[in-house]
Amino acid sequence: MALLRRLNSVSMTATAIVLCSIIAITGCSTIALYNQKAYELETSVKAEALIVVAMGTEQFSSHVADVKALKLDTEKAYEYAKGIPKNEISTKQWEIILNPKGGSLYGFLTLWEKNGKLSKEFVAEKDKQIGKQFDQIIELEENKPKTGLGG
Amino acid sequence: MASYDDFLKNFETAAEALIKKDYGDFASQAKSDVDSFMQGAKTDLQNWTKMLVQGGVSKEEFESLVQGDSDLLELHMLKQSGLAAARADTLKNDLINLTVSTAINTFLP
């Protein structure tokens, strides 16, 4: 009788362990964890981008160095995001910002360079729009899980 | 000695509460977020059209603004998809912790 009770207890524990293992095995994370450095890069590039975009009413040729510095920082942030495992969604978001033919930051810089300078109304609207675009990247980062599976 | 049925009963009750906590109003929040985004895009378009007609922005600039909102929508949808994945990961993590703690509390009180 005691042996039977002991076997029953072992069997229940084994079942629980199997159940945990099944959840753990099928429970691989699908998205990168929150990354403090990525968050800092995103917020600092946003601030820098908005300062440079606001210069769009002035001659592009006077701001070549500002644009070059901004592009370098933006590409550093993109490369950092790209290097984080399971960070495909954030990487795709950066690719939209970096598309020179798109309607985001690099598209704005291309248009500015091509036209020399841009209208005051356009620059004001674009500044708000690019700010909102960066917010989508930042808000996703802020809401990523803070601890890994089982943590 | 607790039975396997006790374990399942304890686990089910706690898992139900957990799913409500992790997922709860996520779907309705996401829908309201998209609705509010679309409303903002509609207002933007009305303002930019006015600016174009009044000569405040050039045709090329107007196109860039419209394309910018399309990019913003894509960024927004990517964010929503990332948030859903993050919720799913949180739920999985919580379920693992719950399974372990329920097993320990049931079988090794």
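Scroll up for the structure.
Being a predicted model, the structure only gives us computed values, none of them experimental.

A. Molecular detail of the packing of aromatic side chains. Residue and element names in this part refer to chain A. Summed over the entire model, instances satisfying the criterion amount to 5 aromatic pairs over all chains. Centroid distance Phe-108 to Trp-112: 6.1 Å. Interplanar angle 50 degrees. Geometry classified as tilted. With Phe-108 and Trp-112 both in helix H5 (residues 105-115) and 4 residues apart, the pair spans about one turn of that helix. For the ring pair Phe-108 and Phe-122, a centre distance of 6.0 Å and an interplane angle of 20 degrees mean the geometry is stacked. With a gap of 14 residues between them, Phe-108 in helix H5 and Phe-122 in helix H6 (residues 120-142) connect regions that are remote in the sequence. Of the two residues, Phe-108 and Phe-122, both sit in the buried class. In this structure an aromatic cluster arises from ring pairing among Phe-60, Phe-108, Trp-112 and Phe-122.

B. Local environment of a nonpolar patch on the surface. Residue and element names in this part refer to chain B. A surface patch of nonpolar side chains, about 270 Å² in accessible area, is lined by Val-100, Ile-104 and Leu-108. Note that Val-100 resides in helix H3 (residues 59-107). What makes Val-100 partly exposed here is its relative accessible area of 36%.

C. Molecular detail of the pattern of salt bridges. Residues and elements named next belong to chain A. As enumerated under the stated definition, the model contains 7 salt bridges over all chains in all. The salt bridge involving Asp-135 is made with Lys-46; its shortest N-O contact spans 2.8 Å. Highlighted residues: Asp-135 in helix H6 and Lys-46 in helix H2 (residues 36-53), separated in sequence by 89 residues. Using a relative accessible area of 23% as the deciding quantity, one classes Asp-135 as partly exposed. The partner of Lys-144 in a salt bridge is Glu-141, and the shortest N-O contact between them spans 2.9 Å.

D. Inspection of the packing of H2(A) against helix H3 (residues 64-82) of chain A at higher detail. All names here are of chain A. Contact geometry for H2 and H3: axes closest at 10 Å, N-to-C directions at 155 degrees. One way to sum up the angle between H2 and H3 is to call them roughly antiparallel. The two elements H2 and H3 meet at a crossing, and its hand is left-handed. The segment H2 lies against H3, with Lys-37, Ala-38, Leu-41, Val-45, Glu-48, Ala-49 and Val-52 engaging Asp-66, Val-67, Ala-69, Leu-70, Asp-73, Thr-74, Ala-77 and Tyr-80. Across the contact of H2 with H3, the residue classes tally to 10 nonpolar, 1 polar and 4 charged.

E. The layout of surface pockets, seen in detail. Approximately 300 Å³ is the volume attributed to the largest pocket. Every residue lining the largest pocket is counted, 20 residues in all, and those nearest its centre are Asn143(A), Leu83(B), Ala86(B), Arg87(B) and Thr90(B). In terms of residue count, the dominant contributor to the lining of the largest pocket is H3(B) (7 residues). By volume, the second largest pocket amounts to about 180 Å³. Along its surface, the second largest pocket is lined by Pro100(A), Lys101(A), Gly102(A), Gly107(A), Thr110(A), Leu111(A), Lys114(A), Glu60(B), Glu63(B), Ser64(B) and Gln67(B). Of all the elements in the fold, those that place two or more residues in the lining of the second largest pocket are H5 of chain A together with H3 of chain B. Here the residues of the lining of the second largest pocket are counted per class, giving 2 nonpolar, 5 polar and 4 charged.

About the thresholds
- Residues numbered from 1 in each chain as written.
- Chains lettered and ligands numbered in written order.
- Predicted model: local features only at pLDDT ≥ 70, side-chain atom pairs only at ≥ 80, totals over all residues.
- Heavy atoms only, no water.
- Phe/Tyr/Trp six-rings, centres within 6.5 Å; stacked < 30°, edge-to-face > 60°.
- Helix = DSSP H or I, 4+ residues; strand = E, 2+ residues; numbered from the N terminus.
- Buried < 20%, exposed > 50% of the residue type's maximum accessible area, 1.4 Å probe, protein only.
- Patch = residues over 30% accessible without salt bridge, like charges linked within 9 Å, V, L, I, M, F, W, Y side chains within 5 Å.
- Areas by Shrake-Rupley, 256 points an atom, 1.4 Å probe, with all protein chains shown as cover.
- Salt bridge = Lys/Arg side-chain N within 4 Å of Asp/Glu carboxyl O.
- Axes fitted to C-alpha atoms, helices over the stretch in contact; angles between N-to-C directions.
- Parallel < 35°, antiparallel > 145°, perpendicular 65-115°, else oblique.
- Left-handed = near helix turned anticlockwise from the far one by under 90°.
- Contact = heavy atoms within 4.5 Å.
- Nonpolar A, V, L, I, M, F, W, Y, C, P; charged D, E, K, R; others polar.
- 1 Å grid on protein atoms, 1.4 Å probe; cavity = no way out; pocket = protein on both sides within 12 Å on 5 of 7 lines; lining within 4 Å.
- Points joined across faces, edges and corners; volume = space filled by probe spheres on them.

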